[in-house]
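# A look at the structure
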Amino acid sequence: MTNSLEIQQASKAYKRKNQTPVQALDKVDLKAQSGDFIAVLGPSGCGKSTLMLSAGGLLELDSGKVVVNGQDLSQLSSSQKAEFRAQNIAYVYQEFHLISYLSVIDNVRIADLALGAGSEERAKDILNQFGLGDRVHHLPSELSVGEQQRVALSRAIYSGAKIILADEPTGNLDSENAEIVLKALRDFTEQGGIVLMVTHDDRAVAYAQQKLTMAAGHWDS
Ligand SMILES: Nc1ncnc2c1ncn2[C@@H]1O[C@H](COP(=O)(O)OP(=O)(O)OP(=O)(O)O)[C@@H](O)[C@H]1O
């Protein structure tokens with residue numbers, strides 16, 4: 001199956017009482033399909049995080065739409081959207097967002113842990129691939145920063161999502177760990193996934209096959 005992410009004429013303004021609205025996205029278009037590894041660049045405040053939140057349906061647009069694998073996210077109820085997101089979209093952040101009181105393997109299996117679903121073996125295989133085979137029962141606080149990001153990435157891969165939205169995924173990493181993470185993201189796209197990655201890191205930009213720059217809420221062309 002081929003995957004697709006389409007953002008059509010997306011606009012979003014943040015409105016605060018008694019203040020001029022900030023137009024964070026201004027009719028932004030994006031078309032990505034299986035195999036695409038896209039770096040989103042641009043200065044602070046130009047709308048990159050707003051774009052990423054919108055792409056995953058975490059933020060409602062004022063106008064325009066996001067279509068993932070043919071599904072217009074705005075047509076889904078919030079519970080349908082959460083379910084659709086769990087199956088199709090994973091976020092990888094600079095700050096990892098691991099759950100501090102759960103072990104590495106439970107963090108990876110977080111989405112199906114409560115249901116007793118999924119496969120511990122598969123989670124272990126993925127952790128092994130990321131060199132974390134001897135860390136499965138550790139807590140996040142017992143890991144290095146690079147290891148924590150590898151757990152976050154393992155969680156994204158384990159989820160089976162076809163689209164990874166990565167916000168500064170190498171921001172806190174040394175070169176060795178940055179390379180592991182970037183190679184994994186590239187492998188993910190080579191296997192049919194899509195990666196949209198906000199970054200200021202030259203190492204990450206070098207891995208992407210497309211570079212898009214934002215300026216004040218739109219593409220800088
Ligand atoms: N919740 C909010 N309320 C009001 N304004 C906001 C809110 N979130 C973002 N903004 C404003 O919207 C604009 C775009 O913000 P956004 O976080 O998308 O930019 P960014 O490119 O990701 O910035 P950075 O690189 O610094 O993370 C900025 O001017 C920001 O101040």
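On a predicted model such as this, the values are computed, not experimentally measured, just so you know. (Residues numbered from 1 in each chain as written. Predicted model: local features only at pLDDT ≥ 70, side-chain atom pairs only at ≥ 80, totals over all residues.)

What follows concerns the overall build of the chain. When you go through the chain residue by residue, the secondary structure sums to eight helices and 10 strands. For the chain, whose C-alpha radius of gyration is 17 Å, the value lies close to the compact-globule estimate of 17 Å for 221 residues. A principal-axis box enclosing the C-alpha atoms of the chain has dimensions of 50 × 40 × 40 Å. The buried share among the 221 residues of the chain stands at 40%. In the chain, the proportion of contacts linking residues at least 24 apart, taken out of those at least 6 apart, comes to 69%. (Helix = DSSP H or I, 4+ residues; strand = E, 2+ residues; numbered from the N terminus. Rg over C-alpha atoms; globule rule 2.2 N^0.38 Å. Buried ≥ 20, exposed ≤ 12 C-beta atoms within 10 Å, placed from the backbone. Contact = placed C-beta atoms within 7 Å.)

Around the ligand, the neighbouring residues are Tyr 14, Arg 16, Val 22, Ala 24, Gly 42, Ser 44, Gly 45, Cys 46, Gly 47, Lys 48, Ser 49 and Thr 50. Elements represented by at least two residues in the shell around the ligand include exactly strand 2 (22–33) and helix 1 (48–55). Counted by class, the shell around the ligand contains four nonpolar, six polar and two charged residues. (Near = placed C-beta within 6 Å. Nonpolar A, V, L, I, M, F, W, Y, C, P; charged D, E, K, R; others polar.)

Taking 1.5 Å of rise per residue, 16 residues should cover 22 Å, and helix 7 (residues 175–190) covers 22 Å from first to last C-alpha, within 8% of that figure. Looking only at helix 7, the buried set comprises Asn 177, Ala 178, Ile 180, Val 181, Leu 182, Ala 184, Leu 185, Phe 188 and Thr 189. Note on helix 7: the residue one or two positions beyond its end, Gly 192, has a positive phi of about 105 degrees. (Expected span 1.5 Å × (residues − 1).)

To continue, consider the confidence of the model for the chain. In this model, the chain carries a mean pLDDT of 93, and residues with pLDDT of at least 70 account for 100%. Interface confidence in the predicted complex, given as ipTM, is 0.96; pTM for the same model is 0.93. (pLDDT = per-residue confidence, 0-100.)

On to the UniProt feature "domain: ABC transporter" (unreviewed entry) in the chain. When the UniProt feature table is mapped onto this chain, "domain: ABC transporter" (unreviewed entry) is found at residues 5–221. With 34% helix and 27% strand, the stretch residues 5–221 has end C-alpha atoms that lie 21 Å from each other. (UniProt positions renumbered as here; feature names shortened; annotations may be inferred.)

The next point concerns the sheet that holds strand 5 (residues 71–72). On the basis of which strands lie adjacent, the open sheet formed by four strands has the order 2-1-4-5 and antiparallel pairing. Edge positions in the open sheet fall to strand 2 and strand 5, since each of these has one partner strand only. Of the pairings in the sheet, the one linking strand 4 (residues 63–68) to strand 5 comprises two bridges and is antiparallel in character. Of the residues in strand 5, the one forming a bridge with Val 68 is Gln 71. (Pairing = 2+ DSSP bridges.)

Even without glycine at this site, Gln 9 takes up a positive phi of about 50 degrees. When you line up the elements, Gln 9 lands in strand 1 (residues 4–14). Of note in this structure, Asn 69 is not a glycine but carries a positive phi near 45 degrees. With respect to the helices and strands, Asn 69 occurs in the loop between strand 4 and strand 5. With 17 C-beta atoms packed within 10 Å, Asn 69 lands in the partly exposed category.

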